[in-house]
Amino acid sequence: MQRRRVRPRRVTVMRLLLTIAVGTVFLVALLAVQVSRSSSYSSSSSPGAYKLPKRHEIGYGSWRSEHKWVQETVPPQLSKASAAHHQWDSTSQETTEEFEKLWKPPSDRGFVPCTKPSSSYSPPGESRGYLLVSTNGGLNQMRAGISDMVAVVRIINATLVIPKLDKSSFWQDSSNFSDVFDEDHFIHSLANDVKIVKKLPKELAASTKIVKYFKSWSGVEYYQDEISRLWNDNKVIRAAKSDSRLANNNLSSEIQKLRCRVFYESLRFAPSIEALGKLLVERMRSYGPFIALHLRFEKDILAFSGCTYGFSPHEANELTKIRENTPYWKVKDIDPMQQRSKGHCPLTPKEVGIFLSALGYPSSTPIYIAAGDIYGGDSHMADLQSQFPILMSKEKLASAEELDPFRPYASQMAALDYIVSVESDVFVSSYLGNMARAVEGHRRFLGHRKTITPDRKSLVHLIDKIDRGSLKEGKKLSNMILEAHKGRQGSPRKRKGPISGTRGKERFRSEEAFYENPLPDCLCRSESDDTTGHHHLVTT
């Protein structure tokens, strides 16, 4: 039987149809991939999707599971830098153990915040008068003072008028309370503790106000006896200063917990500061786990402390004149060599670089500089910059448009640094000033986040040996510094008392500040009940 031949024309048509079908399938697949990419890009880069990670997602824990950089939304000036330095991933880590040594926080040993008042805690009673507060110092000195004054108001049965921020200090900052803090949150969050008003009633605005300098580091008895007596003849008292007016220790549990509630919870920064602060944190996290370095190498502290060692004659003279011409800085004659040898000077940027390298942090470590204007600028930053090229700051991370509203105000700029410092994976301070103490305490309160406190006295002696040529940077130096700082990483411990043998004000001054370490007053150990699985707090 003879087969029928397929006509050539029909074959041509079939081939054409088959080609069209294959092409259609390929085109549909290609479009699907492009739509998926477009959808993914829009969801990750749109403003609505740009959220600060939750607390359990932040820091060492998340990076331990994925050792890689994640590109985030950054201002245009950062896009190239981010791409160039996103290299710290699993291939750049020798071992997970080494990574953990650098970034893993110390064990919190089960300590958690316990600031809620007891069941017997009563709401504020009838007010006997109004307390006006004139704060003094920089941002964190004012925050501590305000927190103490809230406790004082509770003790003396007063109504607090929103405090006046210091406008006459070295920084000449004209910010009002509501410019720096969330005023409404402050008032409402403390409604069950004290009465707070934004201003004096009209009938008392022109009344006589007694001005009182409360005694430093005073106990409850001083306020209950000496200060409360003033209400017999006055309706308004003005506290001329707010810093260190309440003792660090030996106060009732309720008062100590109130101080913590104010400092760590009620004194929330203004919404605009909080928003930009969180944005800075996210942008730093685009580089991976990072160090926040409070580089206290600014003109005011160098002049105040007399730390002019290593400066040019012109710089040393400038700093000395600032100290001599600042009337409220009482100590004028200071030996810079002696200050440094005792560890009373801020570490220089070069010394910080040596310190971090000795601890094992590689040159690719991202570092956020939490500071104002570094004295001497690039000339003093060159050594640190050469060792750690990824030096970032609020000025680099934020666009001019984002930062300009805050630039004229030192306290608002400091608040941005504070937010990034508290949220960093590791915090290091070159000098133990008010900000360093406040950040350390806050990080302890939030779970004992890794906080390295340099032993400046031992470090400068080692660095002097390097300068003399009797010691070289390397394994030996690294081992010495690591050994000296094993117990200076922010592990839980009780607040230190006064130095033995000190008396009077020096005794109080030698104590560890209350807000530097809120344990045991505001941190309790959480233990699980083996039989029920429930948790309860155990005070220590």
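Owing to the predicted nature of the structure, the values given are computational and were not obtained by experimental measurement.

Analysis parameters
Residues numbered from 1 in each chain as written. Predicted model: local features only at pLDDT ≥ 70, side-chain atom pairs only at ≥ 80, totals over all residues. Heavy atoms only, no water. Salt bridge = Lys/Arg side-chain N within 4 Å of Asp/Glu carboxyl O. Helix = DSSP H or I, 4+ residues; strand = E, 2+ residues; numbered from the N terminus. Buried < 20%, exposed > 50% of the residue type's maximum accessible area, 1.4 Å probe, protein only. Pairing = 2+ DSSP bridges. Contact = heavy atoms within 4.5 Å. Axes fitted to C-alpha atoms, helices over the stretch in contact; angles between N-to-C directions. Expected span 1.5 Å × (residues − 1). Phe/Tyr/Trp six-rings, centres within 6.5 Å; stacked < 30°, edge-to-face > 60°. Parallel < 35°, antiparallel > 145°, perpendicular 65-115°, else oblique. Nonpolar A, V, L, I, M, F, W, Y, C, P; charged D, E, K, R; others polar. Polar contact = N/O pair within 3.5 Å; in protein donor to acceptor, adjacent residues only side chain to side chain.

Q: Pulling in residues and values, what's your account of the pattern of salt bridges?
A: All told, the structure shown has 24 salt bridges when counted by the stated rule. Note that aspartate 182 and arginine 268 form a salt bridge whose closest N and O atoms lie 3.3 Å from each other. Placement of the pair is aspartate 182 in the loop between helix H6 (177-180) and helix H7 (183-189) and arginine 268 in the loop between helix H10 (253-266) and helix H11 (271-285), with a sequence separation of 86 residues. When the shortest N-O distance is used, the salt bridge between arginine 340 and aspartate 464 registers 2.8 Å. With arginine 340 in helix H14 (residues 336-341) and aspartate 464 in helix H21 (residues 456-468), the pair connects residues that are 124 residues apart, well separated along the chain. Across this residue pair, the class does not change: arginine 340 and aspartate 464 are buried. Salt bridges linked by common partners bring Glu183, Asp184 and Lys198 together as one network.

Q: Could you give me a rundown of the sheet that holds strand S11 (residues 451-452), with the residues and numbers involved?
A: Read from one edge of the open sheet, five strands run S9-S8-S7-S10-S11, paired in parallel fashion. Each end of this open sheet is capped by a strand with a single partner; those strands are strand S9 (391-392) and S11. Of the strand pairs in this sheet, strand S8 (residues 367-369) and S9 are connected by two bridges, and their pairing is parallel. When the sheet's bridge partners are listed, isoleucine 367 is paired in S9 with leucine 391. Across the sheet, helix H19 (residues 410-423) is in contact with strand S7 (291-294), S8 and strand S10 (426-429); its angle to S8 comes to roughly 155°.

Q: Tell me about H10, and name the residues and values.
A: For H10, spanning 14 residues, the distance from its first C-alpha to its last is 18 Å, which sits close to the expected 20 Å at 1.5 Å a residue. Of all 14 residues making up H10, 12 are buried, and the element is well covered by its neighbours. Where H10 is concerned, the buried positions are Glu254, Ile255, Gln256, Lys257, Leu258, Arg259, Cys260, Arg261, Val262, Phe263, Tyr264 and Ser266. Check the buried side of H10 and you find it contacts helix H5 (139-155), H7, H19 and helix H20 (434-445).

Q: Tell me about the sheet that holds strand S3 (residues 159-161), residues and numbers included.
A: What the five strands build is an open sheet, ordered S4-S3-S2-S6-S5; its pairing is parallel. Looking at the sheet topology across the chains shown, the edges are occupied by strand S4 (195-197) and strand S5 (210-212). On average, each strand axis in the sheet is tilted by 30° relative to the strand beside it, whichever way the strands run.

Q: Let's hear about H21: which residues, and what values?
A: The end-to-end C-alpha separation of H21 is 18 Å, in line with the 18 Å expected for 13 residues at 1.5 Å each. By the burial criterion, the buried members of H21 are Arg456, Leu459, Val460, Leu462, Ile463, Asp464 and Ile466. Contacts made by the buried residues of H21 are with H14, helix H15 (349-359) and helix H22 (475-484). Positive backbone phi, approximately 90°, marks glycine 469, located one or two places after H21.

Q: Describe in detail the packing of aromatic side chains, supporting the description with residues and values.
A: Here the structure, examined in full by the defined rule, presents 15 aromatic pairs. With 5.1 Å between their ring centres and 85° between their planes, phenylalanine 263 and tyrosine 264 make a pair best called edge-to-face. On the basis of relative accessibility, which here comes to 2%, the residue phenylalanine 263 falls in the buried class. Residue classification places tyrosine 264 among the buried positions, given a relative accessible area of 9%. Taking 5.6 Å as the distance between ring centres and 70° as the angle between the ring planes, the aromatic pair formed by phenylalanine 311 and tyrosine 375 counts as edge-to-face. Placement of phenylalanine 311 in the loop between helix H12 (299-305) and helix H13 (313-324) and of tyrosine 375 in the loop between S8 and helix H16 (378-387) is noted, with a sequence separation of 64 residues between them. Accessibility assignment for this pair places phenylalanine 311 and tyrosine 375 in one class, buried. By the ring-pair criterion, three or more aromatic residues cluster together here, those being Phe177, Phe181, Phe186, Phe269 and Tyr418.

Q: Account for the pairing of S7, naming residues and giving values.
A: Residues of S7 alternate between two faces, with Ile291 and Leu293 on one and Ala292 and His294 on the opposite face, all of them buried. Bridge analysis of S7 against S8 gives three bridges, and the strand direction is parallel. Across the sheet, the residue bridging to leucine 293 is isoleucine 369, located in S8. Taken together, the four bridges between S7 and S10 define a ladder with parallel strand orientation. In the sheet register, isoleucine 291 faces S10, and the bridge partner there is valine 426.

Q: Let's hear about the packing of H10 against H20: which residues, and what values?
A: Relative orientation of the contacting elements H10 and H20 amounts to 95°, with a least axis distance of 11 Å. Between H10 and H20, the angle is such that the two are roughly perpendicular. Within the contact between the two elements, H10 uses Phe263, Tyr264 and Glu265 and H20 uses Ala438, Gly441, His442 and Phe445. Tallied by class, the residues present in the contact of H10 with H20 amount to four nonpolar, two polar and one charged.

Q: How would you sum up the packing of H21 against H22? Please name residues and give values.
A: Contact pair H21 / H22: the axes reach a minimum separation of 11 Å and the direction vectors enclose 170°. Comparing the axis directions of H21 and H22 gives the class roughly antiparallel. Across from Leu459, Leu462 and Ile466 in H21, the residues of H22 making contact are Leu477, Met480 and Ile481. Of the residues assigned to the contact of H21 with H22, the class counts are six nonpolar, no polar and no charged.

Q: Account for the environment of aspartate 521, with residues named and values stated.
A: Turning to its location among the elements, aspartate 521 is positioned in the loop between helix H23 (504-509) and strand S12 (523-528). In this structure the C-alpha to C-alpha distance between aspartate 521 and threonine 115, which are 406 residues apart in sequence, comes to 8.3 Å. Sequence-distant contacts of aspartate 521, defined by excluding residues within four places in its chain, comprise Cys114, Gln256, Lys257, Arg495 and Phe514. Here the side chain of aspartate 521 touches arginine 495 through a polar contact of 2.6 Å, side chain to side chain.

By themselves, these observations are geometric and do not establish any function.
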